[in-house]
Amino acid sequence: QKEVEQNSGPLSVPEGAIASLNCTYSDRVSQSFFWYRQYSGKSPELIMSIYSNGDKEDGRFTAQLNKASQYVSLLIRDSQPSDSATYLCAVNGNNNDMRFGAGTRLTVKP
Amino acid sequence: GAVVSQHPSRVICKSGTSVKIECRSLDFQATTMFWYRQFPKKSLMLMATSNEGSKATYEQGVEKDKFLINHASLTLSTLTVTSAHPEDSSFYICSAVASGAPYEQYFGPGTRLTVT
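A brief look at the structure comes next. (Residues numbered from 1 in each chain as written. Chains lettered and ligands numbered in written order. Predicted model: local features only at pLDDT ≥ 70, side-chain atom pairs only at ≥ 80, totals over all residues. Heavy atoms only, no water.)

### Side note on the sheet that holds strand β3 (residues 19-25) of chain B
All names here are of chain B.
- Strand order in this open sheet of four strands is β1-β3-β8-β7, and the pairing throughout is antiparallel. Lying at the two open borders of the sheet, with one neighbouring strand each, are β1 (4-7) and β7 (67-73). Adjacent strand axes in the sheet meet at a mean angle of 15° when their direction is disregarded.
- Here six bridges tie β3 to strand β8 (residues 76-81), and the two strands are oriented antiparallel to one another. The residue of β8 that forms the bridge with Ile21 is Leu79. (Pairing = 2+ DSSP bridges. Helix = DSSP H or I, 4+ residues; strand = E, 2+ residues; numbered from the N terminus. Axes fitted to C-alpha atoms, helices over the stretch in contact; angles between N-to-C directions.)

Shown next, in the form of structure tokens:
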């Protein structure tokens, strides 16, 4: 079982819709969870971090964490074509490092 | 936000030569930096964890004698790819952890290495 699993996609949504990205992780002791956005040919950019159960909202982005289910998600409201990218879920591991999912490729169609 | 730079952004070298990549935290001190490699359409793969003033910790399968890491100061880590071969061609990305946010990593812009 992979440490961090994501649906590779591609996920396609129309402009203005809500994009829902999901991630599960295997290590129950993980405490910190992150969503990164990576445009093609660029390095990842941190967009959200979440540390406790529940929802965390930042602008059009909402991260949701459920530690009991080992599940973290990212919702993007009012999706824009500029949101088209690969979204990486990351979970802290031992020694302060991070384990990344393979990423979900999102396409927002105008 | 925290800014991490990498230099060079792009490098082409001949097979058998060595290439050094620098990673700098510009506006914060980073006791820990990470080096990743990413092949086209693949996910990030952690190569090693670099701690200031100590030896780097390498992931399984990463040759420490081939990928030399030096973290000489709180703002600079270097990765040297020694005796590079075409299969080392990849996108190398560093990240740094800022104090006060122990689990938030900030990534550099990456270095695209092409070995001919």
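### A few points about the pattern of salt bridges
Residue and element names in this part refer to chain B.
- Going through the model one piece at a time under the given rule, you end up with six salt bridges over all chains.
- The partner of Glu22 in a salt bridge is Arg24, with the nearest N and O atoms 3.4 Å apart.
- For Arg24, a relative accessible area of 33% gives the class partly exposed. (Salt bridge = Lys/Arg side-chain N within 4 Å of Asp/Glu carboxyl O. Buried < 20%, exposed > 50% of the residue type's maximum accessible area, 1.4 Å probe, protein only.)

### What to know about the packing of aromatic side chains
- One pass over the structure, following the stated rule, counts nine aromatic pairs over all chains.
- Here the aromatic rings of Tyr25 of chain A and Phe33 of chain A are separated by 4.8 Å at their centres, their planes lie at 45°, and the arrangement is tilted.
- Among the residues examined, Tyr25 of chain A registers a relative accessible area of 4% and is labelled buried.
- The exposure class of Phe33 of chain A is buried, given its relative accessible area of 0%.
- Chaining the aromatic ring pairs together yields one cluster made of Tyr36 and Phe100 of chain A together with Tyr36 and Phe107 of chain B.
- Between Arg60 of chain A and the ring centre of Phe61 of chain A, over which it is positioned, the NZ or CZ distance is 5.7 Å.
- The side chain of Arg112 of chain B reaches across the aromatic face of Phe91 of chain B, ending 4.4 Å from its centre. (Phe/Tyr/Trp six-rings, centres within 6.5 Å; stacked < 30°, edge-to-face > 60°. Lys NZ or Arg CZ within 6 Å of the ring centre and 35° of its normal.)

### Some details on the nonpolar core
- Ranked by size, the top nonpolar core spans 25 residues in total, and within it Trp35, Phe67, Leu79, Tyr92 and Leu113 of chain B carry the most contacts.
- Elements with a minimum of two residues in this core: β2 (10-13), β3, β4 (32-38), β5 (45-51), β7, β8, β9 (90-97) and β11 (111-115) of chain B.
- If you look at the next biggest cluster of nonpolar residues, it comprises 23 residues, including Trp35, Ile50, Tyr87 and Val91 of chain A. (Core = buried A, V, L, I, M, F, W, Y, C linked by side-chain atoms within 4.5 Å.)

### A look at unusual backbone geometry
- Between Gly9 of chain A and the following residue, Pro10 of chain A, the backbone shows a cis peptide bond with an omega angle of 10°.
- Secondary-structure assignment places Pro10 of chain A in the loop between β1 (4-6) and β2 (11-14).
- In this structure, the amide linkage connecting His7 of chain B to the following residue, Pro8 of chain B, adopts the cis form with an omega of 0°.
- Relative to the assigned elements, Pro8 of chain B resides in the loop between β1 and β2.

### Side note on the state of the cysteines
- For the structure shown, the criterion picks out two disulfides over all chains.
- The disulfide partner of Cys23 of chain A is Cys89 of chain A, and the gap between their sulfur atoms is 2.0 Å. In this structure the cystine formed by Cys23 of chain A and Cys89 of chain A twists about its S-S bond by roughly -75°; its chirality is therefore left-handed. Placement of Cys23 of chain A in strand β3 (residues 19-25) and of Cys89 of chain A in strand β9 (residues 85-92) is noted, with a sequence separation of 66 residues between them.
- Take Cys89 of chain A: its relative accessible area is 0%, and that puts it in the buried class.
- Cysteine Cys13 of chain B is unpaired, with the sulfur of Cys94 of chain B as its nearest cysteine sulfur at 18 Å. (Disulfide = S-S within 2.5 Å.)

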